[in-house]
Amino acid sequence: MTAPCGDPHLPPGRLPRRPSVHFWLHGGIKKHVSATNPLVVCHEASGTVHAIGSAVTTLKPGDEIAIEAGFACHFCIQCKKGRYSLCPRMKFAADPPHTHGFLSRFVKIPADCCYKISGVNAPFRADIGLDEAVLIEPMAVAVHSVRQGGVKPGDKVVVFGAGTVGLLCAAVARQFGAIIIVSVDRDEDKLTFAEGWMLPKRTVVFTTEFARESSTAEQNATDLRNFDVAIEATGAEQCIQTALRSLRVGGSFVQTGLGSGNVNFPMATVLEHELTLKGSFRYGPGDFKLALEMVMLEKVNLKPLITKTVPFKNTVEAWEIAKRGEGIKTLIRVGL
């Protein structure tokens, strides 16, 4: 339903929860909703076109689509620079206090944020279902993150966090040519899933590692060294520190997980090793399209990430599953 991000209520070193759980338990993360200021949630969605505006030429009623969740203005400086993810007037689904999300029977969406998932011409070999299409949104986040890190053929990549976005970052890095990928997490079940999901094609060396909560970042980084790119997808302070220390001299670090606003940071390591640091916020031009193409070309299989699908009337069950941290993705099916 939602992508992983940080939890400001957890102490440093603890892995974060998903934003869906924040809305369920606390009413939000930084901006909150309430009974007097309600908000429809959900920013990962797919659906079927019900009606189109008079100027729309690319879609027709009945088309099945994956939905890009951010609606940029297309006129500001950032949009004109091709960085619409940084648009100051961005309307992102389920972003308090004004923009409602997709957990509704009907939503109004700009045509350029709708991507057809069936009836598409070659070179694509396979249509995808509406369930898989929900996961194109977090996969676009992963594409943006891997692009920010500049992953290229032959690179060694370490990804901290084996939640949805972390798993997808590893999968995308493989498609970008990484020859060694290490997934790091404290959850043994997630690592077991990651190993089973990533290994069958045997296109890269893929291993999993535990992030030991009782150890220091320096101790955790002992066996994690000389990576070209480190992608941090948890937001946990200790993972950030370990990730930076795991890089080779001149390596690249990408912060994808959203954690606490301020963390202790090994600045000397960054300075002495001339590391490149980049943030990765949502996704930008071409990211959503590339994510969809990878899936339709059967380069990445999203089906195993779907733990369960529940009907709209059982939405509470979905929140509770997410709160308990069970599985990878629980979907909510909203029918007419």
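Residues numbered from 1 in each chain as written. Predicted model: local features only at pLDDT ≥ 70, side-chain atom pairs only at ≥ 80, totals over all residues. Heavy atoms only, no water.

Undergrad: Which residues make up the sheet that holds strand S1 (residues 46-48), and what values do they have?
TA: The strand order across the open sheet built from 3 strands is S1-S2-S5, with neighbouring strands paired in antiparallel fashion. Each edge of the open sheet carries a strand with a single partner, namely S1 and strand S5 (114-116). Adjacent strand axes in the sheet meet at a mean angle of 40° when their direction is disregarded. With respect to the sheet, helix H10 (residues 287-296) is in contact with strand S2 (64-67) and S5, its orientation differing from that of S5 by roughly 20°. (Pairing = 2+ DSSP bridges. Helix = DSSP H or I, 4+ residues; strand = E, 2+ residues; numbered from the N terminus. Axes fitted to C-alpha atoms, helices over the stretch in contact; angles between N-to-C directions. Contact = heavy atoms within 4.5 Å.)

Undergrad: Give me the lowdown on the nonpolar core, citing residues and values where you can.
TA: In terms of nonpolar packing, the biggest core is built from 76 residues, with Phe102, Ile136 and Met139 touching the most fellow members. With 8 residues, helix H5 (residues 164-175) is the single largest residue contributor to this core. The contacts of Met139, once residues within four sequence positions are left out, are Leu168, Val172, Ala291, Met294, Val295, Val300 and Leu302. Leu224, Ala230, Leu244 and Phe253 belong to the second largest nonpolar core, which has 16 residues in total. (Core = buried A, V, L, I, M, F, W, Y, C linked by side-chain atoms within 4.5 Å. Buried < 20%, exposed > 50% of the residue type's maximum accessible area, 1.4 Å probe, protein only.)

Undergrad: Explain the side chain of Glu68 to me, and be specific about the residues and the numbers.
TA: Looking at the element boundaries, Glu68 is found in the loop between S2 and strand S3 (70-71). Within the buried set, Glu68 has no salt-bridge partner at all; the shortest N-O distance to an opposite charge, 9.8 Å, is to Arg282. Within the structure, Glu68 has its side chain in polar contact with the side chain of Tyr84 (distance 2.5 Å). Among the polar contacts listed, one links the side chain of Glu68 to the side chain of Tyr115, at a separation of 2.7 Å. Not counting the four nearest positions on each side in its chain, Glu68 is found in contact with Tyr84, Cys113, Tyr115, Tyr283 and Phe288. (Lys, Arg positive; Asp, Glu negative; His and termini not counted. Salt bridge = Lys/Arg side-chain N within 4 Å of Asp/Glu carboxyl O. Polar contact = N/O pair within 3.5 Å; in protein donor to acceptor, adjacent residues only side chain to side chain.)

Undergrad: Explain the environment of Thr242 to me, using residue names and the numbers behind them.
TA: Mapping Thr242 onto the fold places it in helix H8 (residues 237-245). The spacing of Thr242 and Leu224 is 18 residues in sequence and 8.4 Å in space, taken between C-alpha atoms. Here Gln238 takes part through its backbone oxygen, which lies 2.8 Å from a polar atom of the side chain of Thr242.

Undergrad: Explain unusual backbone geometry to me, using residue names and the numbers behind them.
TA: Its identity as a non-glycine residue notwithstanding, His74 has a phi of 70°, on the positive side. Structurally, His74 can be placed in the loop between S3 and helix H2 (77-80). Positive phi, close to 45°, is recorded for Glu274, a residue that is not glycine. Looking at the secondary structure, you find Glu274 in the loop between helix H9 (267-272) and strand S11 (276-279). Taking the relative accessible area as the measure of exposure, Glu274 reaches 65% and is therefore exposed.

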